[in-house]
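# Commentary on secondary and tertiary structure
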Amino acid sequence: MTSDVLVAGVGMTKFAKPGQNAPYTEMGAAALRDALADAGLPYDAVQQAYAGYVYGDSTCGQAVLYKVGMTGIPVMNVNNNCSTGSTALFMARQAVQSGAVDVALALGFEHMQPGALTSHWDDRPSPFDAFDAETDDLVGHPEIPLALRYFGGAGKSHMEKHGSSLTDLARIRAKASRHAVNNPLALFRQELSPQDVLDSPMIWEGVMTRLMACPPTCGAAAAIVVSEDYAKKHGLNQAVRIKGQAMTTDYASTFEAHDMMQLVGYDMTAAAAKQVQEQTGISIDDVDVVELHDCFAHNEMITYEGLGLCPEGGASKFIADGDNTYGGKYVTNPSGGLLSKGHPLGATGLAQCYELTRQLRGTAGPTQVAGARTALQHNLGLGGACVITLYQAA
């Protein structure tokens, strides 16, 4: 087993509503410059770069990087839907851990458009065709946008199997807002009560209100990962190590289970979490802080169980006991999560890395989780891929 890969530097822009953002080239370059400054490295120290985005032409990664430097390095453009940022990090870490390079960059950015996610490629088969057909069969409601049907359907499945409720989902959203109040990079920082969430417009009767869904936003985030030997030789920050990481894609159960929870990646999450624990020998009980993929409050609820933060069917009690916030067992999404920051697809996973790196350094300011030593990151994309990363403070 090779030595650990270290997170030497992170950077992030504040996310913005579509139409209120800078061009993707400027957002990406700003996050990259911040990460380089945080690491104390010049751009020419980077030996490989992995640039993640979903909505953009080929080689957008080069367009961003060339704003900062042109050194002839390999640049890989990455697209894995909502898990794109963490996929870039997964590849950058592998490059360093394999010994191919000592310094790699993972960069994520997204220039989104207002409204529900849509395809720009309507003249060919969609990678979601099978997912859409299964969703039509399981939940119907063709008048509701598909992303809402996917995750609302998963939440509805949990309600039917385990007795969870709209109030549980409202408590998750309210918790996100309380955390976001302390995060200057969160887009939505107004504290909400569970009742505020329940009183927002009903999108799907008995299943989802508007405030239970994250909004599209634009932004960028970046991480510089280095080998342990390189960090020691160059006097870099060695506080945060990636102890384990796993990426999974869909299993046969995604479709064979005929269950919306499986269709949106429950088994991908559970399998990746198990792989990370087997890699590291670190139990979920040892985790202090979690950034997980809360594109909808519904996905946060089922992910508690998929990650093993609570037993299967135990999410309602976990939420009611406050084990998902400060003073509880696991502080989940201290950043405010996607529900408060928004979800610029390519940047989301690296924004999670940004928050957790600062948590383990003890520099997270008002969002700091006291004594945080072990952090877990969960980033999920439909179609599908799930990346889970376990970090520890040195």
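Everything below is about the structure shown above.
The structure reproduced in this document is the subject of the present report. (Residues numbered from 1 in each chain as written. Predicted model: local features only at pLDDT ≥ 70, side-chain atom pairs only at ≥ 80, totals over all residues. Heavy atoms only, no water.)

## With respect to the sheet that holds strand S7 (residues 219–227)
Strand pairs in the sheet, formed through backbone hydrogen bonds, run parallel or antiparallel to each other. The criterion, for reference: Any two strands with at least two DSSP bridges between them are considered paired. In DSSP terms, a helix is any run of H or I states spanning at least four residues, a strand is any run of E spanning at least two, and both are numbered starting from the N terminus.
Within the open sheet, the 10 strands sit side by side as S3-S2-S4-S7-S1-S8-S12-S11-S9-S10. Their pairing is mixed. Only two strands of the sheet have a single neighbouring strand rather than two, namely strand S3 (75–78) and strand S10 (331–332). With three bridges connecting them, strand S9 (residues 289–291) and strand S11 (residues 374–381) associate as parallel partners. Bridging across to S11, Val 289 finds its partner in Ala 375.

## Points about the packing of helix H6 (residues 166–180) against helix H12 (residues 297–307)
Note the following rule: Comment: axis = line fitted to C-alpha atoms, over the contacting stretch for helices; angle = value between 0 and 180 degrees taken between N-to-C directions. Here the angle decides the label: under 35 degrees means roughly parallel, over 145 means roughly antiparallel, 65 to 115 means roughly perpendicular, and every other value means oblique. We call two residues contacting when some pair of their heavy atoms lies within 4.5 Å.
Viewed as axis vectors pointing N to C, H6 and H12 meet at an angle of 100°, and their least axial separation amounts to 9 Å. Classed by the angle they form, the pair H6 and H12 counts as roughly perpendicular. Here Asp 168, Leu 169, Ile 172 and Lys 175 of H6 lie close against H12, whose contacting residues are Ala 297, His 298, Glu 300, Met 301 and Tyr 304.

## A short note on the packing of helix H11 (residues 266–280) against H12
Helix-helix packing is described using two parameters, namely the angle between the two axes and the distance between the axes. Selection rule: If you view the pair so one helix is near and one far, a crossing is left-handed when the near helix is turned anticlockwise from the far one by less than a right angle, and right-handed when it is turned clockwise. When residues are grouped by polarity, Ala, Val, Leu, Ile, Met, Phe, Trp, Tyr, Cys and Pro land in nonpolar, Asp, Glu, Lys and Arg in charged, and all others, Gly among them, in polar.
In contact at an axis separation of 8 Å, H11 and H12 are set at 40° when each is read in the N-to-C sense. Classed by the angle they form, the pair H11 and H12 counts as oblique. When the axes of H11 and H12 are compared, the crossing they make is right-handed. Taking contact as the criterion, the partners of Tyr 266, Thr 269, Ala 270, Ala 273 and Gln 277 in H11 are, on H12, Ile 302, Thr 303, Glu 305, Gly 306 and Leu 307. Here the contact of H11 with H12 is built from residues that sort into five nonpolar, four polar and one charged.

## Details of empty space enclosed by the protein
We apply this condition: A cavity here means a set of 1 Å grid points, computed over protein atoms only, where a 1.4 Å probe fits but cannot escape. A pocket is an open set with protein on both sides within 12 Å along at least 5 of 7 lines, and lining residues have an atom within 4 Å of a point. Grid points are joined across faces, edges and corners, and a volume is the space filled by probe spheres set on the points.
Counted according to the given criterion, the structure contains three cavities of 30 Å³ or more. By volume, the largest cavity amounts to about 50 Å³. Considering the residues around the largest cavity, the lining is formed by Ala 273, Val 276, Gln 277, Ile 282, Ser 283, Ile 284, Val 287, Leu 307, Leu 376 and Leu 390. Ranked by the residues each element gives to the lining of the largest cavity, the list is headed by H11, at three residues. Looking at the lining of the largest cavity residue by residue, the classes come out as eight nonpolar, two polar and no charged.

## Details of the pairing of S7
Put simply, the rule reads: Accessibility here uses a 1.4 Å probe with only protein chains present; expressed as a share of the type maximum, an area under 20% marks a residue as buried, one over 50% as exposed, and anything in between as partly exposed.
Burial runs high along S7: nine of the nine residues are buried. Taking every second residue as pointing to the same face, both faces of S7 are buried, with Gly 219, Ala 221, Ala 223, Val 225 and Ser 227 on one and Ala 220, Ala 222, Ile 224 and Val 226 on the other.

## Thoughts on H12
Of all 11 residues in H12, 11 are buried; the element is thus mostly enclosed. All of the buried residues along H12 are Ala 297, His 298, Asn 299, Glu 300, Met 301, Ile 302, Thr 303, Tyr 304, Glu 305, Gly 306 and Leu 307. Immediately beyond the C-terminal end of H12, within one or two residues, lies Gly 308, with a positive phi of roughly 85°.

## With respect to the pattern of salt bridges
Going by this rule: The salt bridge definition used is simple: a Lys or Arg side-chain nitrogen within 4 Å of an Asp or Glu carboxyl oxygen.
Summed over all chains, the structure comprises 13 salt bridges. Taking the shortest distance from any N to any O, the salt bridge between Arg 149 and Asp 136 comes out at 2.8 Å. Taken as a pair, Arg 149 in helix H5 (residues 146–162) and Asp 136 in helix H4 (residues 129–139) lie far apart in primary sequence, 13 residues in all. Shared partners join several salt bridges into a network, and the residues in it are Asp 4, Glu 228, Lys 232, Arg 241 and Lys 243.

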